[in-house]
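Breakdown of the fold
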Amino acid sequence: MRTFSRHQRSWTRIAIALLLGLSASGALLAQSKTTSALNGRVVGDDGGPLPGVTVEIGSPALIGGSRVASTNDDGRYRFPELTPGVYTVSFSLEGFQSVRREGVVLSLGRSTELPIKLGIETLTETLVVVGEAPTIDVQSSGTSTNLPSTYLENIPASRFQVDVINLAPGINNDSAFGGGGSSANAYQLDGIDVSDPEGGTAWAFVNFNIIEEAQLVGLGAPAEYGGFTGVVFNSITKSGGNQVKGSVEAYYTNDSLTGNNSDIPGLSPTTDKSYDTNLQWGGPISKDKLWYFLSGQYVADDTSDGGPIRTERDPRAFGKLSWAASDSLSIDGWGEWDRFDVTGRGGDAVTPLEATVTEDAPEIVWNFAARKVLSSDTILSLAYGGFTGYYYLDPNQGYDIPGRLDAATGLYSDNSYYFYLADRDRQQANGSISHHAADFLKGDHDFKFGMEIERSTVRSRYGYTTGAWFYDNYYTADDPGTAAYDPVPYSLGYYGGDYDVASTNKRLSAYAQDTWRITSNLTINPGVRIDLNRGDVRNGEVFSTNPIAPRLGIAWDVTGTGKNLVKAHYGRYYEALFGTFYYWVDPDAFNTVEQRRVFPSGYNDFFGETSGGKFAIDKDIKHPYLDQYLVGYDRELTPGLTLSTSLVYRKNKDFIETVSRDGVFEPVTGFVGVRDPATGRRVSTGQKVTLFNYTNAADDILLVTNPKGLERTYKAATVTLTRRLRDNWQVLASYVYAKTDGTIDNVSFSSAGGGNGGPGAFLDTPNSLVNAKGPLTNDNKHQIKIQGTYLIPKLNISLSGNYTYLSGRTYTLRSNCLLIDPNSNSCFRFDQGSFRYFGESRGSRRLPARNEVDLRAEWQPKLGGNRFGIILDVFNATNQGRAATVESRDGTTFEAPLTYNAPRQFRIGFRYNF
């Protein structure tokens, strides 16, 4: 029989107490992570309020049939917690002409204000108005980006679901608003976080076609949102309806449809063949009561980044039920099974097939949600979701052959030098209660109180194939195994260095927030969030933080028309709870890396050592956080077309890294040494630096803590133009000018300058702080994105485009040589062995700018009452060619391109909607 530990019983009591508190308090916004809301005021011809007006709403997306409400004494009505979709809204009052508004679009996570004027009845006919509802949420001080299904289905882009995040303004290479790559983001499905609990990167890769709408929330996010310092990327899944509907869809491309954009042989990426097939359908089991939605997908990709063919096979199956259990209770539940089977992972121009890994990665993802209307003003929402799965990266040639890297050529050979085995389980329960309080404490309030409970487990195993790998032609020296005294190249062997870590994340979060409408023009958004974070390793709890995150925003509807909104927001946002924050102290999990010189004769000797398993954790450790300031202005230029501008300042602090606790460091001053490509000799760059000789690396303790001097700052000005699909066209266009700099990089994990996923070897010695401050990797100063669709109904043609311009990412020369004598060819030999440091100021160099345009044309003839589409996509239509990554290590291959961007590619497809 399963029993609960003392700690588990304590957490259970806390959760029950919070749930009881929520039920007693009554409180939140009119919409949440999975819903939208509709509000408004009905007035007469004289502008006076009309109480008692019957307001009825209906939508194909709304299970349970239409809903009805009445206006209050001030003429206001409200419909909270609605399924996003297209609605019809009717207004009627005896003695006044009835009005019906059609085509009212309610967007995910937004509250739509729809004011109505009723005239005295002169005709019996209902006045039908077809027009765009106001697009600005006048009650929100935040800035979010919504990507509805009409956008996702038409814009030519990757069909890998998590890549959608990079279509939004200010987000590039998964780095959101200067944030630390995908580790800084919260990846959610129907409001439940499905990020990797180890380091926060995306884990659940669901079928692209099951997504109804995606929302990206980060700038000015209320207290309901936590566990991120980049952006919350929330996708809601499709549901069935009262009519049977479905689609069959397929896409195909191959090498004959793929161009070449590199003059360097073998470096241009290509697609040998790729196809993506989908089948989905949904409908009623019982009309207005029980709906179903099913989807299946199979993806097969054979691609190359300029090296060996990488094969990927991805089957996915999805099923969902939506149940209106009663007039006041609705329940949704879904599950997806999928897997990734990949051979040749990691292959590129310098990594042949035998040096790659093979990936095996199945998973199950699920979500259950219930919404109970307790009264006309109070709604209770509960949700439970998560995933279980693993991904194993096994060496292509098995576990009996070591991998090798040639320093002279930069080529890997023989086998993958590593293996990695990851097991994951994540479970999360969310609960909230929202309450509308009219004319209370100087205004109307939409309170919301909520809580989240997370329990996630991580196990990660890593090691060198056969327990060692070899860095050939590392340097030259006399071979002690022979009588000759002629310097010969030797290899640097890395031995040990494996780890087996296990951790359990336990988090209990609670939040309170309010949408306080002081006047019809002015709204204040106060809120606060607390996260009780606990982390266990094999021998018990080692990590504990209790961060409190305040939020405060102001939204001013300047003209009272919903078309001019000035807003400002301050918020503190804490990182999610990652296993990488603390699993270093898992006892005996990490083994020491020993470096040895290996000569052609077979002779080898000790070169250096990096301690493996000696870690401690700061008892006063703090949780990493971000302070964010936002000032913005939204203007509806014409119905449905909105211009948004904003100024953003973000500052990250309290990064968690490992540092030496008892290290003995001897300063050594010299000159940055780099290899002369012509002669192969080490020469000085002329920069004088002081590095540190780590004399007791084998005996030192590494402390997991919040080191001083680590920072990241983001400053940006943004202009965005948005229009949902209406009158045959849609657009999302943006320009962002941004600067991101600091001393710790804004990528998820980085061996050269820190990363957002958690501690690494970055600060184990002070050497990493040499030249450490400057523009970070994802410092894309100029960012232009223009995406749009134009329909030509007479020709049954749809035209779409996606243009992207991004300033190039930065990179920095890295050296492993310190010349005591600038005229010498001899590098100082450090006790800790070989390491690399920045040989110039961080971000001194930039890759070429990305300047690409993707195009789509679709012919959509009708077959009976159904639609058939023939699709032609053209990616990188101008065939721009540029190095996407280059070698940053000094030497004969320094700045040599490692990967190129994808060349021009045509993709053909068809879809049949029924």
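In short, a report on the structure. What you see is a predicted model, and the numbers here were worked out from it, not measured in a lab.

**Some details on the overall build of the chain**
From N to C terminus, the chain includes 2 helices and 59 strands. The C-alpha atoms of the chain give a radius of gyration of 29 Å, which matches the 29 Å a tight globule of 914 residues would have. The C-alpha extent of the chain, read off along each of the three principal axes, is 110 × 60 × 55 Å. Burial statistics for the chain: of 914 residues in total, 56% are counted as buried. Total accessible area on the chain is roughly 35800 Å²; 56% of this is exposed by carbon and sulfur atoms. Put simply, the chain has 86 plus and 101 minus side-chain charges, and the middle of one group is 4 Å from the middle of the other.

**Notes on the sheet that holds strand S42 (residues 682–694)**
The strand order across the open sheet formed by 3 strands is S42-S41-S51, and the pairing between neighbours is antiparallel. The outermost strands of the open sheet, each flanked by one partner alone, are S42 and strand S51 (817–819). When strand polarity is set aside, the average angle formed by the axes of neighbouring strands in this sheet is 55 degrees. Judged from the 3 bridges that link them, strand S41 (residues 665–675) and S51 form a sheet pairing that is antiparallel. Directly across from Gly673, in S51, lies its bridge partner Cys817.

**Some words on the side chain of Ser111**
Positionally, Ser111 belongs in strand S7 (residues 111–113). Within the local environment of Ser111, its side chain forms a polar contact with the side chain of Asn39, the two groups lying 2.4 Å apart. Ignoring any residue separated from it by four or fewer positions in sequence, one finds Ser111 in contact with Gln31, Ala37, Asn39, Asp137 and Gln139.

**Looking at the sheet that holds strand S10 (residues 143–148)**
The mixed open sheet is built from 5 strands, whose spatial order is S10-S15-S16-S13-S14. One side of each edge strand has no neighbouring strand; the edge strands of this open sheet are S10 and strand S14 (192–193). The pairing of strand S13 (residues 186–189) with S14 spans 2 bridges and is antiparallel. The residue of S14 that forms the bridge with Leu189 is Ile192.

**Here's the deal with the state of the cysteines**
One pass over the full model with this rule turns up 1 disulfide. Through a disulfide, Cys817 is tied to Cys827; the S-S separation comes to 2.1 Å. With the S-S bond torsion at -100 degrees, the cross-link from Cys817 to Cys827 turns out left-handed. Placement of the pair is Cys817 in strand S51 and Cys827 in the loop between S51 and strand S52 (837–838), with a sequence separation of 10 residues. Assessed through its relative accessible area of 0%, Cys817 is described here as buried. Looking at Cys827, the relative accessible area reads 22%, which means it is partly exposed.

**A look at the nonpolar core**
Residues Leu147, Ile171, Leu189, Leu216, Tyr420 and Phe590 are the most contacted members of the largest nonpolar core, which totals 84 residues. Within the second largest apolar cluster, 22 residues are counted, among which are Val55, Leu62, Phe96 and Ile116.

**Quick look at a nonpolar patch on the surface**
Where nonpolar side chains cluster on the molecular surface, the patch consists of Tyr252, Tyr275, Tyr298, Leu872, Phe906 and Ile908 and spans about 490 Å² of accessible area. Tracing the backbone shows Leu872 in strand S56 (residues 866–875). Since its relative accessible area comes to 37%, Leu872 is described here as partly exposed.

**Points about unusual backbone geometry**
Its identity as a non-glycine residue notwithstanding, Asp439 has a phi of 50 degrees, on the positive side. Within the secondary structure, Asp439 sits in the loop between strand S26 (418–437) and strand S27 (444–464). Here the phi dihedral of Asn876 falls at roughly 50 degrees; this positive angle occurs in a residue that is not glycine. Within the secondary structure layout, Asn876 lies in the loop between S56 and strand S57 (883–886).

**What to know about the pattern of salt bridges**
Per the counting criterion, the structure on display carries 55 salt bridges. Between Arg339 and Asp341 there is a salt bridge, with its nearest N and O atoms 2.9 Å apart. Given a relative accessible area of 21%, Arg339 falls into the partly exposed group. For Arg597, the salt bridge is made with Asp605, and the minimal N-O distance between the two is 2.8 Å. The two residues Arg597 and Asp605 agree in class, both being buried. What emerges from the salt-bridge pattern is a single network uniting Lys33, Asp193, Arg426, Glu452, Glu454, Arg507, Arg529 and Asp531.

The rules behind each value
- Residues numbered from 1 in each chain as written.
- Predicted model: local features only at pLDDT ≥ 70, side-chain atom pairs only at ≥ 80, totals over all residues.
- Heavy atoms only, no water.
- Helix = DSSP H or I, 4+ residues; strand = E, 2+ residues; numbered from the N terminus.
- Rg over C-alpha atoms; globule rule 2.2 N^0.38 Å.
- Buried < 20%, exposed > 50% of the residue type's maximum accessible area, 1.4 Å probe, protein only.
- Areas by Shrake-Rupley, 256 points an atom, 1.4 Å probe, with all protein chains shown as cover.
- Lys, Arg positive; Asp, Glu negative; His and termini not counted.
- Charge placed at Lys NZ, Arg CZ, Asp CG, Glu CD.
- Pairing = 2+ DSSP bridges.
- Axes fitted to C-alpha atoms, helices over the stretch in contact; angles between N-to-C directions.
- Polar contact = N/O pair within 3.5 Å; in protein donor to acceptor, adjacent residues only side chain to side chain.
- Contact = heavy atoms within 4.5 Å.
- Disulfide = S-S within 2.5 Å.
- Core = buried A, V, L, I, M, F, W, Y, C linked by side-chain atoms within 4.5 Å.
- Patch = residues over 30% accessible without salt bridge, like charges linked within 9 Å, V, L, I, M, F, W, Y side chains within 5 Å.
- Salt bridge = Lys/Arg side-chain N within 4 Å of Asp/Glu carboxyl O.

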